[in-house]
Amino acid sequence: MSAPAGPECVPLSDEDRAILDLECATVVGHVLHGSILDGAPVDAAALRARIAARLPAAPELRYRLDERAGAPVWVPDGELDLERHVVDAPDGPYDDEALRALVADRFAQHLDRTRPLWAIDVVPRAGGGTALLWRVHHALADGATMTRLSHTVLYDEGAGGERPDEAGRPATGTAVSPPATVRADHVRRRAHLVGVLRREFTVGPARSPFDGAISARRDVAFLDTDLAALHAAARSAGATVNDAFLAVLAGGLRRWLDHHAGTVTDLRVRVPVSLPREDPSAGNRDSAFDLPLPVHVTDPLERLRAVHELTTCRKDAADAALVDDLLHRLAEVSPPLRRVVDRLRATARAFTVSLSDVPGPRTPVAVLGRRVHATWPLAEIGVHHALRVTAASMVDVLSFGVCVDPGLVPDVDVLADGLRAEADLLVTACQTRPESR
């Protein structure tokens, strides 16, 4: 969103309104960023004091939803009460299993739309340290905005101020600029459009194993991996760390399918791309491309190369930017047709698993003097999509967050353990095989 300095209301963008429309009784609209702090415990009172002192630089956190002429708008909340937004978790300290259960419980709770759409639980951890569970509605902040807000109101000054470049980006191509083909003449644009229609507006070969009626229950899992090792492995094979993430995901999904005696087949995944914005504070501007993840490939290095070939094709053709342009043109020319296309692209046959990524600092950061050693990310599942995988980087740690409806996707630990094992196998394969160097 774009929050003005004055008291006027701010209309929501089309993207942000679409995010609001996805929310229902069984689907929430927020994301969760869990900052895992080392050192002495932090309490909510100290964190509230830090945020209160910095709120003027983060006007988004003061705005709540309202309605004008039947349309949602952002309006300033003159009665913002930080004691209702930043709270101590009850009955601590929490071991890892208790923390997971708390995250699942909090994540399934809708944020109160009568107040600004964010909340932080301050959670003491068994054995020391603190977890900050920050829920923020996706209509209020996308991944890039969350990174900025973390630096603005949470992190100590003078640390980790730069944005990560591609080498440190955790997953799926954030901040990819469309190449020159997007700005080409009309004939070339038509040729590219035909290609993107063939690649993007297709369906998978089989029914999704994660399709079904979504309930309000959630189960979650988190794991940390060595980002530097994954990046080195990917580079040795001529690929990117984004490709490595997708290859690891393919292997983890294969293990989960094997565990449940399912048929192993390639699954289409939706890979988000953040497009350039003239105004960095002007709300969500996201697109995506879909690709068939090579789940059937058993060898981790061959799987990485197959992923790299797929993503290179999509990036060279600027598929995400072309899809974004096409959808915006449809909205201008024929809103009913745009709605039909949106419904088709949201089906389980269009894609099976949705991914998210949160680029983090490349140098150490701290909150109230406590170093942040990892960021646990979580994004919501959706109708017909009972599995969501998110990645986030913090210096040289790449963390995965997995969110499922346990009634449709049981044994989330099997998937998390599979992701960890596949990350280790990929690193080892790229270190030991001469052809990968």
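All values reported here derive from a predicted model rather than from experimental measurement. Within each chain, residue numbers correspond to sequence positions counted from 1 in written order. Per-residue local features are limited, in this predicted model, to residues with pLDDT of at least 70; the limit for side-chain atom pairs, both in listing and counting, is 80 or more; totals at the level of whole chains, interfaces and linings are taken over all residues. Note that the side-chain values use all heavy atoms of the structure and ignore hydrogens as well as water.

Moving on: the overall build of the chain. Helical segments are the DSSP runs of H or I of at least four residues, strand segments are the runs of E of at least two, and each set is numbered from the N terminus. Helix and strand content of the chain: twelve helices and 15 strands. Partly exposed residues are those whose accessible area sits between 20% and 50% of the maximum for their type, while under 20% is buried and over 50% is exposed, using a 1.4 Å probe and protein chains only. The proportion of buried residues among the 437 residues of the chain is 54%. Two residues qualify as a contact provided that any one of their heavy atoms is within 4.5 Å of a heavy atom in the partner residue. The contacts in the chain between residues at least 6 apart in sequence include a share of 77% that link residues at least 24 apart. Computed with the Shrake-Rupley method and a 1.4 Å probe, the accessible areas treat only the protein chains shown as cover for residues. For the chain, the computed accessible surface area is about 18,100 Å², with 54% contributed by carbon and sulfur atoms.

Our focus in this paragraph is the environment of Leu426. Its place among the elements puts Leu426 in helix α12 (residues 412–432). With 127 residues separating them along the chain, Leu426 and Asp299 place their C-alpha atoms 8.8 Å apart. If near-sequence neighbours (up to four positions away) are discounted, Leu426 is found in contact with Leu230, Ala233, Ala244, Val248, Pro300, Leu301 and Leu304.

Moving on to the pattern of salt bridges. Pairs may arise between side chains of opposite charge once their charged atoms sit close together. By convention in these notes, a salt bridge is any Lys or Arg side-chain nitrogen within 4 Å of a carboxyl oxygen on Asp or Glu. In this structure the tally under the stated criterion is 22 salt bridges. A salt bridge links Arg106 to Asp121; its shortest N-O distance comes to 3.1 Å. Separated by 15 residues along the polypeptide, Arg106 in helix α4 (residues 96–107) and Asp121 in strand β6 (residues 118–124) bring together distant segments of the chain. A single network of salt bridges, built from pairs that share partners, joins Glu97, Arg100, Asp219 and Asp413.

Attention shifts here to the environment of Val75. Relative to the assigned elements, Val75 resides in strand β4 (residues 71–76). Distance from Val75 to Pro11, taken between C-alpha atoms, is 9.1 Å for residues 64 residues apart in sequence. The contacts of Val75, once residues within four sequence positions are left out, are Cys9, Arg62, Tyr63, Arg64, Asp66 and Arg68.

This paragraph deals with α12. Turn by turn, an α-helix covers 3.6 residues, leaving residues three or four places apart pointing in a common direction. A helix is expected to reach a length of 1.5 Å times the quantity of its residues less one. Here α12 is 21 residues long and its end C-alpha atoms lie 31 Å apart, about the 30 Å a rise of 1.5 Å per residue gives. Val412, Leu415, Ala416, Gly418, Leu419, Glu422, Ala423, Leu426, Val427, Ala429 and Cys430 are the residues of α12 that are buried. Each buried residue of α12 lies within a common arc of 165 degrees when the element is viewed along its axis, so the set occupies one face. The exposed residues of α12 that point more than 90 degrees off its buried face are Gln431 and Thr432. Regarding the arc, it is the one traced by the directions from the helix axis to the C-beta atoms.

To continue, consider the nonpolar core. Residues Phe210, Leu253, Leu293, Leu304 and Leu387 are the most contacted members of the largest nonpolar core, which totals 74 residues. Ranked by residues supplied to this core, first place goes to helix α8 (residues 241–259) with eleven residues. Counting residues in hydrophobic clusters, the runner-up holds 40 residues, among them Tyr63, Leu82, Ile120 and Met394. Residue types Ala, Val, Leu, Ile, Met, Phe, Trp, Tyr and Cys, when buried and joined through side-chain atoms within 4.5 Å, form a set referred to as a nonpolar core.

By convention, a stacked pair of Phe, Tyr or Trp rings (six-membered ring in the case of Trp) has centres within 6.5 Å and planes under 30 degrees apart, an edge-to-face pair has planes over 60 apart, and any other such pair is tilted. Counted under the stated rule, the structure contains four aromatic pairs. With a centroid separation of 5.3 Å and 50 degrees between ring planes, the pair formed by Phe210 and Trp256 is classed as tilted. Note that Phe210 is positioned in the loop between α6 (186–200) and β8 (219–226) and Trp256 in helix α8, a separation of 46 residues in sequence. Using a relative accessible area of 1% as the deciding quantity, one classes Phe210 as buried. Overall, the relative accessible area of 6% leaves Trp256 in the buried class.

This paragraph deals with the confidence of the model for the chain. What pLDDT reports is the predictor's confidence in each residue, on a scale of 0 through 100. Put simply, the chain has an average pLDDT of 85, and 85% of its residues get 70 or more. Of the regions scoring below 50 in pLDDT, residues 160–187 engages in 79 contacts with residues more than four places distant in sequence or in other chains. In this model, residues 279–284 is a region of pLDDT below 50 whose contacts with residues beyond four sequence positions or in other chains number 20 contacts.

Axis definition: a line fitted to C-alpha atoms, limited for helices to the stretch in contact. Angles are taken between N-to-C directions and run from 0 to 180 degrees. Axis separation between helix α10 (residues 319–333) and helix α11 (residues 335–345) bottoms out at 6 Å; the angle between their running directions is 140 degrees. Put simply, α10 runs oblique to α11. On α11, the residues touching Val323, Leu327, His328, Leu330, Ala331 and Val333 of α10 are Pro335, Leu337, Arg338, Val341, Asp342 and Arg345. Partitioning the contact of α10 with α11 into residue classes produces eight nonpolar, one polar and three charged. Angular relationships are summarised with four words: roughly parallel below 35 degrees, roughly antiparallel beyond 145, roughly perpendicular across 65 to 115, and oblique for the angles in between. Amino acids are sorted into nonpolar (Ala, Val, Leu, Ile, Met, Phe, Trp, Tyr, Cys and Pro), charged (Asp, Glu, Lys and Arg) and polar (every other residue, Gly among them).

This part covers the sheet that holds strand β7 (residues 130–137). At least two DSSP bridges between two strands are required for those strands to pair. Across the sheet, which stays open at both edges, the six strands sit in the order β5-β6-β7-β2-β13-β12 with mixed pairing between neighbours. Two strands lie at the open edges of the sheet, namely β5 (86–88) and β12 (366–367), each paired on one side alone. Pairing of strand β2 (residues 30–37) with β7, which is carried by eight bridges, proceeds in the antiparallel orientation. Along β7, the bridge assignment pairs Ile36 with Ala131.

What follows covers the pairing of β2. Within β2, eight of the eight residues are buried, leaving the element largely enclosed by the surrounding structure. In β2, alternate side chains face the same way, and those of His30, Leu32, Gly34 and Ile36 on one face and Val31, His33, Ser35 and Leu37 on the other are all buried.

Here we come to helix α7 (residues 227–236). Along α7, the positions that sit buried rather than exposed are Leu227, Leu230, His231, Ala233 and Ala234. Buried residues of α7, seen end-on, are gathered within an arc of 160 degrees and therefore sit on one face of the element. Next to the buried residues of α7 lie β8, α8, α9 (300–316), β14 (387–394), β15 (397–404) and α12. The positive-phi residue at the C-terminal boundary of α7 is Gly238, with phi of around 75 degrees.

All right, on to a nonpolar patch on the surface then. Residues Leu337, Val340 and Leu344 make up a contiguous nonpolar surface patch of about 250 Å² in total accessible area. Of note, Leu344 is situated in helix α11. Candidates for patches are residues over 30% relative accessible area with no salt bridge; among them, like charges are joined within 9 Å and nonpolar side chains (Val, Leu, Ile, Met, Phe, Trp, Tyr) within 5 Å.

It is worth spelling out the sheet that holds strand β1 (residues 10–11) at this point. In space, the three strands of this open sheet follow the order β1-β4-β3, with antiparallel pairing throughout. Edge strands, defined here as strands with exactly one partner in the open sheet, are β1 and β3 (63–68).

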